[in-house]
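What follows is the residue order along each chain.
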Amino acid sequence: HDVRLALFDTLAISGSFSLWNLVFNSNSTSGKTITLGAGSNLNVLGTLTFDNSLAGAMAPNGGTLSARGDVVVDNQNYSGTTVLSLCGSGNQTLSCAGSLLAGGLPPISVNKPGGTLLLSGMLRTGKGLTLVAGSVDPGTSTVVLSDTLPITGSFPFNNLVANSNSTVAKTITLGAATNLDVRGT
């Protein structure tokens, strides 16, 4: 069963529970905030979708979104502080429709006990990338680093772009023993 969150105001969630498919959509042209309480975890067993066709930014803050299936993200901004944990035991796809200047993902943690994470499309993040465990296939994707962020773990990239999108200097911090394997440009 799908669970669709259409936000008319802010939303606060506390506790941990599992859902099959989850769609985040602010259903608005104005920004909305989703707050997950400390230690809260939304465990998405099927597909996690960020689909905000009306262009209102959504900021998921706090807690963890544990994606065990595919993740689909449109070109809007979802760059809150909630950690998006890609932790399925089988193959998963992180598919994004971002661009150099639009779109944004929350902090991403890859902690897969099995299977491979396939990156697809243009992924734009300014919050952080962490590879704890698992295999990542960059496919033909482009990853845009858009803000000050830490990168931990050895990531393979097809195309990698550092784009501050402003006149303010940004810093990308590489963790100890981090290797960025850029296979394209």
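Higher on the page you've got the structure.
Rules used throughout
Residues numbered from 1 in each chain as written. Predicted model: local features only at pLDDT ≥ 70, side-chain atom pairs only at ≥ 80, totals over all residues. Heavy atoms only, no water. Helix = DSSP H or I, 4+ residues; strand = E, 2+ residues; numbered from the N terminus. Buried < 20%, exposed > 50% of the residue type's maximum accessible area, 1.4 Å probe, protein only. Areas by Shrake-Rupley, 256 points an atom, 1.4 Å probe, with all protein chains shown as cover. Contact = heavy atoms within 4.5 Å. 1 Å grid on protein atoms, 1.4 Å probe; cavity = no way out; pocket = protein on both sides within 12 Å on 5 of 7 lines; lining within 4 Å. Points joined across faces, edges and corners; volume = space filled by probe spheres on them. Nonpolar A, V, L, I, M, F, W, Y, C, P; charged D, E, K, R; others polar.

Engineer: Could you give an account of the overall build of the chain, with specific residues and numbers?
Structural biologist: When its secondary structure is counted, the chain shows zero helices and 20 strands. The buried share of the chain, taken over its 185 residues, is 46%. As presented, the chain carries roughly 8100 Å² of accessible surface, and 53% of it is formed by carbon and sulfur atoms.

Engineer: Report on the environment of Leu36, specifying residues and quantitative values.
Structural biologist: Among the structural elements, Leu36 can be located in strand β5 (residues 32-36). Taking the C-alpha atoms as reference points, Leu36 and Gly63, separated by 27 residues in sequence, lie 5.0 Å from one another.

Engineer: I'd love a proper account of the environment of Asn179, names of residues and values included.
Structural biologist: Topologically, Asn179 is positioned in the loop between β19 (172-174) and β20 (180-182). Its relative accessible area of 43% is what places Asn179 among the partly exposed residues. In this structure the C-alpha to C-alpha distance between Asn179 and Thr152, which are 27 residues apart in sequence, comes to 8.5 Å. Leave out the neighbours within four places in its chain, and Asn179 touches Gly153, Ser154 and Phe155.

Engineer: An account of empty space enclosed by the protein is needed here, citing residue identities and associated values.
Structural biologist: Summed over all chains, the structure comprises two cavities of 30 Å³ or more. Looking at the largest cavity, its volume works out to about 90 Å³. Forming the walls of the largest cavity are Leu86, Leu94, Ile108, Val110, Leu117, Leu119, Leu123, Leu129, Val136, Val143, Phe155 and Phe157. When residues of the lining of the largest cavity are traced back to their parent elements, those giving at least two are β13 (108-125), β14 (129-137) and β17 (155-157). Among the elements that make up the lining of the largest cavity, the one with the highest residue count is β13 (five residues). Its volume calculated, the second largest cavity comes out at about 40 Å³. No other element matches β13, which puts three residues into the lining of the second largest cavity. Broken down by class, the residue content of the lining of the second largest cavity amounts to five nonpolar, three polar and two charged.

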